[in-house]
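Each chain, written out:
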Amino acid sequence: MTQSATNLQIDSARLWDTIHETAKFGATPKGGVRRLTLGPEDKQVRDWFRNACEAAGLEVRVDALGSMFGLRKGRDMSKPPIGLGSHLDTQPTGGKFDGILGTLAALEVVRTLNDAGIETETPICIVNWTNEEGSRFAPATMASAAYAGDYTTDDILGRKDLAGVSVGEALDSIGYRGDEAVGARKFGAFVELHIEQGPLLEAENKTIGVVDRGQGIIWYDGKITGFESHAGTTPMPLRRDALATLAEVVLAVERIAREHGPNAVGTVGEAVIAAPSRNVIPGEIAFTVDIRSPDAETLEAIDRDLRSAIAEIGPRRRAEIAFDAIWRKPPTVFDPKLVDAVENATRALGYSHRRITSGAGHDACNLANVVPSAMIFVPCKDGVSHNELEDATQADCTAGANALMHTVLAIAGVAS
Ligand code: GLV
Ligand code: MN
Ligand code: MN
């Protein structure tokens, strides 16, 4: 039965159930989710998503990097669909909401339109992007970046995880190397709902973040080579300790990010001693650095300062430090008209809101390079994300999904 689109609300209980139903794929004892991209749990949630899309009448296709697209026909099939969605992979100790909310809310929007018998003028396509997180394969958001033309498909297919398994092999092992060419599917616009992953909305008691910008990001791979030797017999002045050298690098990252603050952050998130032993001075360590700022010049200044700090630390400590930028994502400016559409839909629904900059990287930041894109944030508890404790309320997730649906209805149009 056809129902008026103006007052349409998503089914809050159904959205909440799907979030908890899919959280069992990779559930951790602490209540989080471990669903590394293209692993067995990712296959489980992908199969679930495919079935749910098909049950909702969507035509599901998979591209050569495993990104999944569920198309809901519109009245005018000559128009490129409005894309909405996010990702279903998680961090190694991730939560139930990061990415998942945006993908499952997109499904909920389709289910709600189906139940209400509403046909949109423009088709709608819901998306699960492969490897948003970047924890098994770098860089993060690699499939949407390839979609936007930042990388070739072959380049991404050849990227390897720490065990030496390539993206192509991982896709084949779970049966998700699709036949659609990456980037072949065009969108008229793209909208992604996500938890904020930071503290601002909660602190200001706002329900919706209307995202107008995204931080720029640089990721580095580093390797420190010192010299392994006996912990008991090597006098302190003769040591070439890779771990002590790394300690200086870590503090330099922290100091430089603070110096360029408040809109700058820097993190050493991985550090692996090659052959750890309590009575061996560490001789080799691999590490990563992640720096971010919404301001391109600040990001470049941090990059310069970091390189000169490392150039000073290495020789002084008689250690070689290799330091390579492996991913550069400039700051994102989302499409002003689409951002206004999000704000208008939010206002019409009566939700409190504010404009906000995304601290995290997102697939929508890549899409923004090729199609008008925008994002919608909802608060998460204590601003915590990339943690098994990540949490959000049913009311806020519902509000976000309603804002998503009404933004999409406003731009897709309702067929008369
Ligand atoms: C993705 O989660 C990122 O911001 O690193
Ligand atoms: Mn995410
Ligand atoms: Mn994430």
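Treat the numbers as computed from the prediction; the structure is a model and nothing was measured.

**Observations regarding the overall build of the protein**
- Along its length, the protein carries twelve helices and 16 strands.
- A globule of 416 residues ought to have a C-alpha radius of gyration of about 22 Å, and the protein, at 23 Å, matches this closely.
- Principal axes of the C-alpha set define a box for the protein whose edges measure 80 × 45 × 40 Å.
- Put simply, the protein has 416 residues, and 56% of those count as buried.
- Restricting the contact set of the protein to residue pairs at least 6 apart, pairs at least 24 apart contribute 80%.

**Some remarks on helix 10 (residues 336–349)**
- Under the 1.5 Å per step criterion, the end-to-end length of helix 10 is 20 Å for 14 residues, consistent within 8% with the ideal 20 Å.
- Burial in helix 10 covers these residues: Leu-338, Val-339, Ala-341, Val-342, Glu-343, Ala-345 and Thr-346.
- Considering only its buried residues, helix 10 is in contact with strand 5 (189–195), strand 6 (208–214), strand 15 (353–358), strand 16 (373–378) and helix 12 (394–412).
- Positive backbone phi, approximately 85°, marks Gly-350, located one or two places after helix 10.

**A short note on the packing of helix 10 against helix 12**
- Axis separation between helix 10 and helix 12 bottoms out at 8 Å; the angle between their running directions is 120°. In terms of orientation, helix 10 lies oblique with respect to helix 12. Crossing of helix 10 against helix 12: the hand is right-handed. Contacts between helix 10 and helix 12 involve Leu-338, Ala-341, Val-342, Ala-345, Thr-346 and Leu-349 from the former and Asn-402, Ala-403, His-406, Thr-407 and Ile-411 from the latter.
- For the contact of helix 10 with helix 12, the residue count by class is seven nonpolar, four polar and no charged.

**Observations regarding the site of ligand 1**
- Within the structure, ligand 1 sits among Glu-132, Glu-133, Arg-292, Ala-360, Gly-361 and His-386.
- Between ligand 1 and Gly-361, the relevant distance is 2.7 Å, taken from an oxygen atom to a main-chain nitrogen or oxygen of the residue.
- Between ligand 1 and His-386 there is a distance of 3.2 Å, counted from an oxygen atom to a side-chain nitrogen or oxygen.
- Look at ligand 1: alone it shows 200 Å² of surface, and the protein chains cover 95% of it.
- Its residues assigned to classes, the shell around ligand 1 shows one nonpolar, two polar and three charged.

**Here we look at the side chain of Thr-332**
- Here Thr-332 lies in strand 14 (residues 332–333).
- Residue classification places Thr-332 among the buried positions, given a relative accessible area of 5%.
- The contact partners of Thr-332, leaving out residues within four places of it in the chain, are Asp-212, Arg-213, Gly-214, Cys-365 and Ala-368.

**Quick look at the coordination of the manganese ion (ligand 3)**
- The protein atoms donating to the manganese ion (ligand 3) are Asp-98 (OD), Glu-133 (OE), Glu-133 (OE) and His-386 (NE2), with metal-donor distances spanning 2.1 to 2.5 Å.
- In the primary sequence, the donor residues of the manganese ion (ligand 3) line up as D-x34-E-x252-H.
- Taken as a pair, the manganese ion (ligand 3) and the manganese ion (ligand 2) lie 3.6 Å from each other and share Asp-98 as a ligand. Placement of Asp-98 in the loop between strand 3 (82–86) and helix 3 (100–116) and of Glu-133 in the loop between strand 4 (124–128) and helix 4 (142–147) is noted, with a sequence separation of 35 residues between them. We note that Asp-98, like Glu-133, is buried.

**Observations concerning the packing of aromatic side chains**
- Scanning all chains against the criterion turns up ten aromatic pairs.
- Judged by centre distance (5.8 Å) and plane angle (35°), the rings of Trp-16 and Phe-97 are tilted. Taken as a pair, Trp-16 in helix 1 (residues 12–22) and Phe-97 in the loop between strand 3 and helix 3 lie far apart in primary sequence, 81 residues in all. The burial state of Trp-16 is the same as that of Phe-97; both residues are buried.

**Description of the coordination of the manganese ion (ligand 2)**
- Distances from the manganese ion (ligand 2) to its protein donors, His-87 (NE2), Asp-98 (OD) and His-194 (NE2), fall at 2.0 to 2.3 Å.
- Counting the intervening residues between successive donors of the manganese ion (ligand 2) yields the motif H-x10-D-x95-H.
- The buried category is assigned to His-87, whose relative accessible area is 0%.

**Section: the domain arrangement of the protein**
- Domain assignment breaks the protein into domain 1 (3–215 + 331–412) and domain 2 (216–329).
- Relative placement of domain 1 and domain 2: their C-alpha centres are 33 Å apart.
- Contact residues are listed per partner, giving 18 residues for domain 1 and twelve residues for domain 2.
- The junction of domain 1 with domain 2 conceals about 1100 Å² of combined surface from both sides, 57% of it contributed by carbon and sulfur atoms.
- Taken as a group, Ala-140, Gln-215 and Pro-331 account for 46% of the area that domain 1 buries against domain 2, more than any other trio of residues on that side.

Parameters and conventions
Residues numbered from 1 in each chain as written. Chains lettered and ligands numbered in written order. Predicted model: local features only at pLDDT ≥ 70, side-chain atom pairs only at ≥ 80, totals over all residues. Heavy atoms only, no water. Helix = DSSP H or I, 4+ residues; strand = E, 2+ residues; numbered from the N terminus. Rg over C-alpha atoms; globule rule 2.2 N^0.38 Å. Buried < 20%, exposed > 50% of the residue type's maximum accessible area, 1.4 Å probe, protein only. Contact = heavy atoms within 4.5 Å. Expected span 1.5 Å × (residues − 1). Axes fitted to C-alpha atoms, helices over the stretch in contact; angles between N-to-C directions. Parallel < 35°, antiparallel > 145°, perpendicular 65-115°, else oblique. Left-handed = near helix turned anticlockwise from the far one by under 90°. Nonpolar A, V, L, I, M, F, W, Y, C, P; charged D, E, K, R; others polar. Near = heavy atom within 4 Å. Polar contact = N/O pair within 3.5 Å; in protein donor to acceptor, adjacent residues only side chain to side chain. Areas by Shrake-Rupley, 256 points an atom, 1.4 Å probe, with all protein chains shown as cover. Donors = N, O, S within 2.8 Å, 3.2 Å for Na, K, Ca; no water. Phe/Tyr/Trp six-rings, centres within 6.5 Å; stacked < 30°, edge-to-face > 60°. Domains from an automatic or database assignment. Buried area = accessible area lost by both parts, 1.4 Å probe.

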